[in-house]
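Residue strings, one per chain:
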Amino acid sequence: QAHVDKFSHSNDFDGAVKMVNSLNDTVETVVSWVGNRKDTLILVTADHETGGLYIDANEDLYQNKYTFVSNKTFSYAWTSGDHTPSFVKLYCYSPILEDLTTLDSYNVLEDCIKNVDVFNLSKKYVENKLYAE
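The model shown is predicted, which means the values in this text are computed figures rather than measured ones.

As for the nonpolar core
Link 1 in the chain: By size, the foremost hydrophobic cluster in this structure holds five residues: Phe13, Tyr66, Phe74, Tyr76 and Trp78.
Link 2 in the chain: Once residues lying within four places of it in the same chain are set aside, the contact partners of Phe13 are Leu53, Ile55, Tyr66, Phe74, Tyr76 and Trp78.

See the structure below:
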């Protein structure tokens, strides 16, 4: 969903939220399609963070406000219009994966891995789980 990046570069919160919701819908569709298949691993991540977005439940902390459909409001602020050094999450889903925190051979430090290890990590788990059965 490259448009999340595009809208974050321009600090367009509403556009970024719309694109994240679109990505969420896509992931839900793919997860539903996967079902109990044992030959599929879904990885969702970003190549970098853009915009340096800060969000706080205190709606008076920042000038910008956003209200959910549930009428809960929070405040937010952008700190950049460019890429930041912030970490991004790696979300994994597969019926064959039980716990990604047991990556002894992957130098996991406080749940962080290098982006270059994502391929090796996914390959290791798929091979181990598929061939173990």
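As for the confidence of the model for the chain
Link 1 in the chain: Across the chain, the average pLDDT comes to 81, with 84% of residues at 70 or higher.
Link 2 in the chain: Here residues 99-109 scores under 50 on pLDDT; set against residues more than four positions off or in separate chains, the count is 16 contacts.

Let's talk about helix H2 (residues 13-34)
Link 1 in the chain: Over its 22 residues, H2 runs 31 Å from end to end, which matches the ideal 32 Å to within 8%, given 1.5 Å per residue.
Link 2 in the chain: When H2 is considered as a whole, its buried residues turn out to be Phe13, Gly15, Ala16, Met19 and Val34. One side of H2 holds all its buried residues, which, seen down the axis, span an arc of 155°. The outward face of H2, more than 90 degrees from its buried face, is lined by the exposed residues Asp14, Lys18, Thr29 and Ser32.

So, the layout of surface pockets
Link 1 in the chain: Counted as a void, the largest pocket has a volume near 1100 Å³.
Link 2 in the chain: Around the largest pocket sit 34 residues that line it, and Val4, Val20, Leu23, Ala46 and Tyr91 are the ones nearest its centre.
Link 3 in the chain: Among the elements of the structure, helix H1 (2-9), H2, strand S1 (42-44), strand S2 (49-50) and strand S7 (91-93) are those that each provide at least two residues to the lining of the largest pocket.
Link 4 in the chain: For the lining of the largest pocket, the leading source of residues is H2, giving nine residues.
Link 5 in the chain: Residues that form the lining of the largest pocket fall into these classes: 23 nonpolar, seven polar and four charged.

Quick look at the pairing of strand S5 (residues 73-77)
Link 1 in the chain: When you tally the buried positions in S5, you get four out of five residues, the bulk of the element.
Link 2 in the chain: Relative to S5, strand S4 (residues 64-67) runs antiparallel, the two being bridged by four bridges. Residue Thr67 lies in a different strand from S5, and its bridge partner there is Thr73.

What about the side chain of Thr50?
Link 1 in the chain: When you line up the elements, Thr50 lands in strand S2.
Link 2 in the chain: Side-chain polar atoms of Thr50 contact the side chain of Asp5, separated by 2.5 Å.
Link 3 in the chain: Polar contacts involving the side chain of Thr50 include one to the side chain of His48, which spans 3.4 Å.
Link 4 in the chain: If we ignore the near neighbours within four places in the chain, the residues touching Thr50 are Asp5, Ser8, His9, Trp78, Asp82 and His83.

Quick word on the sheet that holds strand S3 (residues 54-56)
Link 1 in the chain: With antiparallel pairing, the three strands of this open sheet are ordered in space as S3-S5-S4. Both edges of this open sheet fall to S3 and S4, since each of them pairs with a single strand only. Looking at each pair of strands side by side, their axes are set apart by 30° on average, direction ignored.
Link 2 in the chain: Bridge count between S3 and S5: three bridges; the pairing is antiparallel. The residue of S5 that forms the bridge with Tyr54 is Ala77.
Link 3 in the chain: Across the sheet, H2 is in contact with S3, S4 and S5; its angle to S4 comes to roughly 35°.

What counts, and at which threshold
Residues numbered from 1 in each chain as written. Predicted model: local features only at pLDDT ≥ 70, side-chain atom pairs only at ≥ 80, totals over all residues. Heavy atoms only, no water. Core = buried A, V, L, I, M, F, W, Y, C linked by side-chain atoms within 4.5 Å. Buried < 20%, exposed > 50% of the residue type's maximum accessible area, 1.4 Å probe, protein only. Contact = heavy atoms within 4.5 Å. pLDDT = per-residue confidence, 0-100. Helix = DSSP H or I, 4+ residues; strand = E, 2+ residues; numbered from the N terminus. Expected span 1.5 Å × (residues − 1). Arc of directions from axis to C-beta. 1 Å grid on protein atoms, 1.4 Å probe; cavity = no way out; pocket = protein on both sides within 12 Å on 5 of 7 lines; lining within 4 Å. Points joined across faces, edges and corners; volume = space filled by probe spheres on them. Nonpolar A, V, L, I, M, F, W, Y, C, P; charged D, E, K, R; others polar. Pairing = 2+ DSSP bridges. Polar contact = N/O pair within 3.5 Å; in protein donor to acceptor, adjacent residues only side chain to side chain. Axes fitted to C-alpha atoms, helices over the stretch in contact; angles between N-to-C directions.

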